[in-house]
Amino acid sequence: MPIGSLTSGLQLKSAREIETMARGGAILAATHAHVKPFVRAGVTTGELDTIVEDFIRSHAGAEPAFKGLYGFPGSACISVNEEVVHGIPGPRALHDGDIVTIDIGVKFEGMFTDAAITHPVGEIDEVTKRLLEVTERSLAAGIEAAVPDNHVGDIGAAIQGVVETAGFAIVRELVGHGVGFALHEEIQIPNYGKPKRGKKLVPGLTIAIEPMVNVGTAKTRTLADKWTVVTLDGKRSAHFEHTIAITEDGPRILTPRQ
Ligand code: MG
């Protein structure tokens, strides 16, 4: 097949565009590191959102990419306990034993990056500890599979393998995505799948890999606020995400933790 048909719809980035994403991704990673010490009992998700927004805007050329996107009111999506993704920051205060996912997008010099971390609040129970550890490990496995000549299904299969071996459930109703020229580009990156299935991965492709992992059922529902996605059974969910570039030398994490 001609290369054009193999890569159509993948919106490949030049080396220069990937460097711009890496600079934006470093600001994003610094934002995660900056907000982390504020994650403690008593803080509200609205306060965390303000900390995120102010820190991003303190960097020339950077802005919070989620703010106003599809009408989202916050700068970060902040999701507590049974909330899977897209929690709206507000008056909810965190308690010891909670977990909170902070999902941040940065637009920097016209290029987008996206990354999420689930934090423990104080001391968390053993099952929740394992949930966080497994979810982060599944992201690492997905990234490791993101190499040229592998397919989208290899990423999903790697993530699914880690999660299901640990006895947790992978959310199927939400997926990772292409990212770079826009926050959400056409290609979808499911967190489940079969090796060698789906689009072929090629250098210059930039994607957000983001496993969402539930303690109980994989099923979710959306609250009446039309944003917040929660687990159907009310049990906990964790979410880790990086923006990566596929390169000849393997996956390059553009939002490395600081
Ligand atoms: Mg994302």
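Residues numbered from 1 in each chain as written. Predicted model: local features only at pLDDT ≥ 70, side-chain atom pairs only at ≥ 80, totals over all residues. Heavy atoms only, no water.

Observations regarding the side chain of His-239
Put simply, the rule is: Secondary structure elements follow DSSP: runs of H or I of four or more residues count as helices, runs of E of two or more count as strands, with numbering from the N terminus. Only protein chains enter the area calculation, which uses a 1.4 Å probe; residues under 20% of their type maximum are buried, those over 50% are exposed, and those in between are partly exposed. Here a polar contact is taken to be a pair of N or O atoms separated by no more than 3.5 Å, where protein atoms must pair a possible hydrogen donor with a possible acceptor and residues adjacent in sequence count only if both atoms sit in side chains. The contact definition used throughout considers only heavy atoms, calling two residues in contact when any of these lie within 4.5 Å.
Looking at the secondary structure, you find His-239 in strand E13 (residues 237-239). Relative accessible area serves as the criterion here: at 0%, His-239 is assigned to the buried category. Of note is the side chain of His-239, whose polar atom sits 2.8 Å from the side chain of Glu-210. Among residues more than four places away in sequence, those in contact with His-239 are Val-84, Val-85, Thr-101, Asp-103, Ala-116, Ile-117, Thr-118, Thr-135, Glu-210, Pro-211 and Met-212.

Here we look at the pairing of strand E4 (residues 99-108)
The following threshold applies: A pair of strands counts as paired when DSSP detects no fewer than two bridges linking them.
The buried fraction of E4 is high, at nine of 10 residues. Two strands pair when backbone bridges link them, and strand E1 (residues 62-64) and E4 are joined in this way by three bridges, in the antiparallel orientation. Bridging from a neighbouring strand, Glu-63 pairs with Lys-107 of E4. For strand E2 (residues 76-80) and E4, the ladder comprises five bridges, and the chain directions are antiparallel. Bridge assignment links Ala-76 to a residue of E4, and that residue is Ile-104. In this sheet, strand E5 (residues 111-120) lies alongside E4 in antiparallel orientation, the contact comprising 10 bridges.

Some thoughts on the packing of helix H4 (residues 126-144) against helix H5 (residues 152-165)
Pairs of packed helices are described in terms of their axes, by the angle between the two and the distance that separates them. Keep this limit in mind: To get an axis, fit a line to the C-alpha atoms, keeping to the stretch in contact for a helix; angles then go from 0 to 180 degrees between the N-to-C directions. Under this scheme an angle from 65 to 115 degrees is roughly perpendicular, one under 35 degrees roughly parallel, and one over 145 degrees roughly antiparallel; angles in between are oblique. Left-handed describes a crossing whose near helix is turned anticlockwise from the far helix through less than a right angle; right-handed describes the clockwise counterpart. Residue classes follow a fixed rule: Ala, Val, Leu, Ile, Met, Phe, Trp, Tyr, Cys and Pro count as nonpolar, while Asp, Glu, Lys and Arg count as charged, and any other residue, Gly among them, counts as polar.
Running from amino to carboxyl end, H4 crosses H5 at an angle of 155°, the nearest separation of the two axes being 8 Å. It follows that H4 is roughly antiparallel to H5 by the angle criterion. Like other packed secondary-structure pairs, H4 and H5 cross with a definite hand, here right-handed. Within the contact between the two elements, H4 uses Val-134, Arg-137, Ser-138, Ala-141 and Gly-142 and H5 uses Ile-155, Ala-158, Ile-159, Val-162 and Val-163. Tallied by class, the residues present in the contact of H4 with H5 amount to seven nonpolar, two polar and one charged.

Quick word on H5
Using the following cut-off: One fewer than the residue count of a helix, multiplied by 1.5 Å, yields its expected span.
With 14 residues, H5 should cover 20 Å at 1.5 Å per step; its first-to-last C-alpha distance of 20 Å lies within 8% of that length. Counting buried residues along H5, 10 of its 14 residues qualify, which places the element largely inside the surrounding structure. Taken together, the buried positions of H5 are occupied by Val-152, Gly-153, Asp-154, Ile-155, Gly-156, Ala-157, Ile-159, Gln-160, Val-162 and Val-163. Packed against the buried residues of H5 are H4, strand E6 (169-170), strand E8 (185-189), strand E9 (206-209) and strand E10 (212-214). Gly-167 sits one or two residues past H5 and shows a positive phi near 85°.

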